[in-house]
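Results of the structural survey
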Amino acid sequence: MKLVLVLLVSCSWTLIGAQNYYQALMDYLENRLLAIEDRMHLWHQQAHQYHTEMLDFKKLTTEAMVGIRSDQSAMFKELEGASARMDLVEKEMDYVETQNSPRACANKADRVLEQEAWGLQEREEVEEEGGWEELQPRVSECEELISSFRSVKILKRIGSPKGMWTRDPKSSKVYIFNGTSGETVYEFRSVQEFSRSQGVAESRIIHLPFEWTGPGGAVHNGYLYYINQETDTDVQVIKYDLMSGLVTDTAMFPIGKHVSLYTLNPETVADLAVDDEGLWLLFIPTDSEPNISLAKMDTATLDIEQIWDTRCPRENAEAAFVVCGTVYVVYNTRLASRSRIQCVYDVNDMMVSEEAPLLYFPRRYGAHASLKYNPEEKQLYGWDDGYQIIYRVTIKRKLLA
């Protein structure tokens, strides 16, 4: 009987202990659930706050975008108006340019003195020091003059920012001088072939026996004429037969190595040009000489036939070319702007100063590294910051001075 009572008491205490344990466990779980509910409520409040802030931010950005679009539309309208005004200003400038002549390259008294000097040299048949013979002043009866630019065509862009390209007036072949010096020239059968090609991969590569210096070469009647300078005191003009691949003649000129023909393109120590009259050489005798000199060359022998002081300064000059015995010098600024023909010199003295045009080139990219005239097409081949450009020009007859 006593054992039974002991067992009952033990069971009672065990049941009481279990109930207390379960009650404590339930209290703990209830407290944890309450804590989770509080945290979830806090998260809900924060999410609602973030959502409200996001809506406010979206509203602000929408309003800002509307304002930006409005400002952008107004800016575009202002730019269109500015562009229209700029076009009007350019038209007015073009009109003013056609009514005004460029800076005089030589006054009347200078011309009279020059003609008297030429006459004296003819009678006495003297030669200037250095062996360059001065002949009669009249070179030809050519009476053509550039009056305006008809159009501009940007063909493509290859290679170096500086270089030269030209077409042989007596054929359709095009020649590329890429860079400021080298021993390689690229030949294409036509302008169309060059425009369709990928770089110079489809060209015929011509390896010259002597390096060309500066973008001052020229091509005429199947011959390549280019400048080579391997010494500090002389510049060599080389005549290269494109058919046979042989050098047929050379001529030396005492021009210093560090003399630059155009101050804006110091790589050009001398410049060869071709026109209806044949081959010309633009050069600077010494670095102290401020003006550009012009020499008429015999295409067969490279002999100098006559020399002129053009009175055109080389300061701020970037390029030059010859049309019908008239030199057109192109000027720009150190920070490349709009190129302009600002000095014109007629070796035949057939142009009155009021007739000489002050021409601005159409807007492009920067500054010309070279300009080559093709007398058969009446076109200029320009190299501008790596772009190959063709300018078509309008020709008119000169008035007798």
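Please refer to the structure placed before this passage.
Scope of this entry: the structure provided in the associated data block. As a convention, each chain's residues are numbered from 1 in the sequence order in which they are written. Local features are withheld for residues below a pLDDT of 70 in this predicted model, meaning they are given only at 70 or higher, and side-chain atom pairs are given and counted only at 80 or more; totals for whole chains, interfaces and linings count all residues. Based on all heavy atoms of the structure, the side-chain values leave hydrogens and waters out of the count.

The secondary structure listing takes helices from DSSP runs of H or I that are at least 4 residues long and strands from runs of E that are at least 2 residues long, numbered from the N terminus. Helix and strand counts for the protein come out as three helices and 20 strands. Buried means the residue's accessible area, taken with a 1.4 Å probe over protein chains only, is under 20% of the maximum for its type, while exposed means over 50%, and partly exposed covers the values in between. Looking at the protein residue by residue over its 401 residues, the buried ones come to 41%.

With that out of the way, let us pick up the pattern of salt bridges. A side chain of one charge can pair with a side chain of the opposite charge when the charged atoms of the two come close. Throughout this description, the term salt bridge denotes a Lys or Arg side-chain nitrogen within 4 Å of a carboxyl oxygen of Asp or Glu. Applying the stated criterion across every chain, the model contains 13 salt bridges. Here arginine 204 ties to glutamate 187 by a salt bridge, and the two come within 2.8 Å at their closest N and O atoms. Taken together, the residues arginine 204 in strand 5 (residues 204-213) and glutamate 187 in strand 4 (residues 181-188) connect sequence positions 17 residues apart. Lysine 296 is paired through a salt bridge with glutamate 305; the nearest N and O atoms lie 3.8 Å apart.

For the rest of this paragraph, the subject is the sheet that holds strand 18 (residues 368-374). Strands sit in the order 1-20-19-18 across an open sheet of four strands; the sheet is antiparallel. Two strands close off the open sheet at either side, each with one partner strand: strand 1 (144-157) and strand 18. On average, adjacent strands in this sheet sit at an angle of 20 degrees to one another, irrespective of strand direction. The criterion for strand pairing is that DSSP finds at least two bridges linking the strands in question. Where strand 1 and strand 20 (residues 387-397) come together, eleven bridges link them in antiparallel fashion. For lysine 156, the partnering residue across the bridge sits in strand 20 and is glutamine 388. All axes are obtained by fitting lines to C-alpha atoms, using only the stretch in contact for helices, and the reported angles, taken between N-to-C directions, cover 0 to 180 degrees.

What follows covers the pairing of strand 19 (residues 379-384). For strand 19, a buried count of six out of six residues is recorded, marking the element as mostly surrounded by other parts of the structure. Neither face of strand 19 is open: one carries Gln379, Tyr381 and Trp383, the other Leu380, Gly382 and Asp384, and all of them are buried. Note that strand 18 and strand 19 share six bridges and pair antiparallel. Its bridge partner lying in strand 19, leucine 371 is registered against glycine 382. As consecutive antiparallel partners, strand 18 and strand 19 are separated by four residues, and within that stretch lysine 378 has a phi angle of approximately 60 degrees, a positive value. Across six bridges, strand 19 lies against strand 20 in antiparallel orientation. Looking across to strand 20, one finds that tryptophan 383 is bridged to glutamine 388.

Moving on to the sheet that holds strand 5. Strand order in the open sheet formed by four strands is 2-3-4-5, with antiparallel pairing between adjacent strands. The sheet terminates laterally at strand 2 (163-167) and strand 5, the two strands that pair on one side only. When strand polarity is set aside, the average angle formed by the axes of neighbouring strands in this sheet is 20 degrees. Direction of pairing for strand 2 relative to strand 3 (residues 174-178): antiparallel, over a ladder of five bridges. Note on strand 3: the bridge partner recorded for arginine 167 is valine 174.

Assignment of secondary structure puts histidine 368 in strand 18. On the basis of relative accessibility, which here comes to 1%, the residue histidine 368 falls in the buried class. Side-chain atoms alone can form a polar contact between residues adjacent in sequence; in general such a contact is a pair of N or O atoms within 3.5 Å, and within protein one must be able to donate a hydrogen while the other accepts it. Reaching out from histidine 368, the side chain makes a polar contact with the side chain of tyrosine 391 at a distance of 2.9 Å. Whether two residues are in contact is decided by their heavy atoms: any pair within 4.5 Å suffices. The residues contacting histidine 368, other than those within four sequence positions of it, are Asn265, Glu318, Val330, Ser339, Phe361, Trp383, Asp384 and Tyr391.

A separate point is the nonpolar core. Membership of the largest hydrophobic core comes to 40 residues, with the highest contact counts inside it found for Leu272, Leu281, Met297 and Val329. For leucine 272, the residues in contact, after removing those within four places along its chain, are Gly216, Gly217, Ala218, Tyr225, Tyr226, Ile227, Val237, Leu279, Trp280, Leu281, Met297 and Lys372. Only buried residues count toward a nonpolar core. Its members are Ala, Val, Leu, Ile, Met, Phe, Trp, Tyr and Cys residues joined through side-chain atoms within 4.5 Å. In this structure, Cys142, Phe321, Cys324 and Leu380 belong to the second largest nonpolar core, which totals 21 residues.

As a further point, take the packing of aromatic side chains. Paired rings are identified among Phe, Tyr and Trp, the last through its six-membered ring, by centres lying within 6.5 Å, and are further divided according to the angle between planes into stacked (under 30 degrees), edge-to-face (over 60) and tilted (the rest). If you walk through the whole model with that rule in mind, you get nine aromatic pairs. Here tryptophan 165 and tyrosine 381 contribute two aromatic rings whose centre-to-centre distance is 4.7 Å and whose plane-to-plane angle is 75 degrees, an arrangement assigned as edge-to-face. One end of the pair, tryptophan 165, is in strand 2; the other, tyrosine 381, is in strand 19, and 216 residues separate them in sequence. In this structure tryptophan 165 comes out as buried when scored by relative accessible area, which is 0%.

With that settled, consider the pairing of strand 3. The buried fraction of strand 3 is high, at four of five residues. Counting the residues between successive antiparallel strands, the hairpin from strand 2 to strand 3 contains six residues. The pairing of strand 3 with strand 4 spans three bridges and is antiparallel. Of the residues in strand 4, the one forming a bridge with valine 174 is phenylalanine 188. Between strand 3 and strand 4, which pair antiparallel one after the other, the connecting turn spans two residues, and glycine 179 there sits at a positive phi close to 105 degrees.

Keep in mind that these numbers describe shape and distance, not what the molecule does.
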